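What the coordinates show
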Amino acid sequence: MVDVPALLVGTPFLTDIKPHHRRRMIKAAIKQLPEEIRDEVFSLSRTAGEYEIDSIMGANANSVVLGDEEIHVGLFVKAARINHSCRPNAYYRFSERRLTIEIVSYHAIEAGEEIVMSYVPLAIKHDERRRYLKDNWGIDCKCSLCQASEFDIKESETSRNRINELRDTILDARKERFFQDAINIAEDWLMISEWERVAPLTPEYHDILAELYFLKGDMVNATRYGRMSLDGWVRFGSVDDEQLEKARVFLRDLRLVGKKRR
Ligand SMILES: C[S@@+](CC[C@H](N)C(=O)[O-])C[C@H]1O[C@@H](n2cnc3c(N)ncnc32)[C@H](O)[C@@H]1O
């Protein structure tokens, strides 16, 4: 799903302008929107009156980075309807070139399945995630994971810790030039990640394997995984996706190395 911002506001405007001026100016901007979008924006509010604008922006806006790391707050009315889950099936990313937000699913979404994304970095622990959601969004998270049994929550924490440990072990093995060990560990890393339904995205995993096979001197598998990675990033595709470009460059460099060897 691709969504365009109804509003895009620089953070200095939110922090430096007196609240009543800020609210007045944002309200004036909303009123200039086409009627259909304006109605959708106002329907995001849970209060009326003076704090209506705070309620709309506070519970629905997304942070996006523009230019030289300049943080803006964007109000995307379709994306604003997506709830948080600690076990998401989608994530959002911002395309600076198109000024759009893209909601990308991690895997095929079943008919009737709710699309959910994480408002919090997933690498942090369950309690920290809940605290972050409470402090920053005022949410007592009711996602499927937070409502699962204590046993399931613990099991999920153990899997996520294991995923982080395995990732570090892969990097250590690569540094020590134990490339085959790193490749074997990467398989476990993907298996547990798929089970837990968290990152790595499949092309991320293919990137790592392509590089490890390249370092091992196995050009056939390096190319194979390099192609899978490129294919994956094209499917996840975005016009300004750095990873897609990296996968292209990797394959181009592999071809150059191959030519030199011949
Ligand atoms: C960006 S909106 C999401 C869409 C909203 N539920 C709607 O119907 O328009 C964020 C608000 O949704 C609710 N919400 C989203 N995810 C939640 C979750 N995991 N647990 C409880 N409330 C959640 C909270 O009220 C939060 O302020």
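Going by an unreviewed UniProt entry, the protein carries the name SET domain-containing protein and comes from Apodospora peruviana.

**Some words on the overall build of the protein**
A tally of helices and strands in the protein yields 10 helices and eight strands. Here the C-alpha coordinates of the protein stretch approximately 70 × 45 × 40 Å along the principal axes. Sorting the 262 residues of the protein into buried and exposed places 24% on the buried side. Summarising the internal contacts of the protein: among those between residues at least 6 apart in sequence, 57% fall at separations of at least 24.

**Some details on the packing of helix H8 (residues 202–216) against helix H9 (residues 219–235)**
One can describe the packing of H8 onto H9 by two numbers: an axis separation of 8 Å at closest approach and a directional angle of 160 degrees. Taken together, the axes of H8 and H9 lie roughly antiparallel to each other. Crossing hand, H8 versus H9: left-handed. Residues Thr202, Pro203, His206, Asp207, Leu209, Ala210, Tyr213 and Phe214 of H8 lie in contact with H9, whose contacting residues are Asn221, Ala222, Tyr225, Gly226, Met228, Ser229, Gly232 and Trp233. Of the residues assigned to the contact of H8 with H9, the class counts are nine nonpolar, six polar and one charged.

**Remarks on the environment of Phe42**
Within the fold, Phe42 resides in helix H3 (residues 35–42). Phe42 gets classed as partly exposed once you count the C-beta atoms within 10 Å, which come to 16.

**Here we look at the environment of Ile103**
In this structure, Ile103 sits in strand S7 (residues 100–105). Judged by C-beta crowding, with 17 C-beta atoms within 10 Å, Ile103 ranks as partly exposed. Along the primary structure Ile103 and Phe236 are separated by 133 residues, whereas in three dimensions their C-alpha atoms are 10.0 Å apart. Contacts of Ile103, omitting those with residues within four sequence positions, involve Met1, Ala79, Ile82, Ala90, Tyr92, Ile115 and Met117.

Rules used throughout
Residue numbers here run from 1 along each chain, matching the order of that chain's written sequence. Note on the predicted model: pLDDT of at least 70 is required for a residue's local features to be given, and 80 or more for side-chain atom pairs to be given and counted; whole-chain, interface and lining totals, by contrast, use all residues. Working definition: helices are DSSP H or I runs of at least four residues, strands are E runs of at least two. Numbering for both runs from the N terminus. The exposure label follows from counting other C-beta atoms within 10 Å of a residue's C-beta, where the C-beta atoms are placed from the backbone and the thresholds are 20 or more for buried and 12 or fewer for exposed, leaving partly exposed in between. Note on contacts: residues are paired as contacts if their backbone-placed C-beta atoms lie within 7 Å. A fitted line through C-alpha atoms serves as each axis, taken over the contacting stretch for helices, and the angle formed by two N-to-C directions is quoted from 0 to 180°. What sets the label is the angle itself: under 35 degrees gives roughly parallel, over 145 gives roughly antiparallel, 65 to 115 gives roughly perpendicular, and the rest give oblique. In a left-handed crossing the near helix is turned counterclockwise from the far helix by less than a right angle, and in a right-handed crossing that turn is clockwise. Polar here means any residue outside two lists: the nonpolar Ala, Val, Leu, Ile, Met, Phe, Trp, Tyr, Cys and Pro, and the charged Asp, Glu, Lys and Arg; Gly therefore counts as polar.

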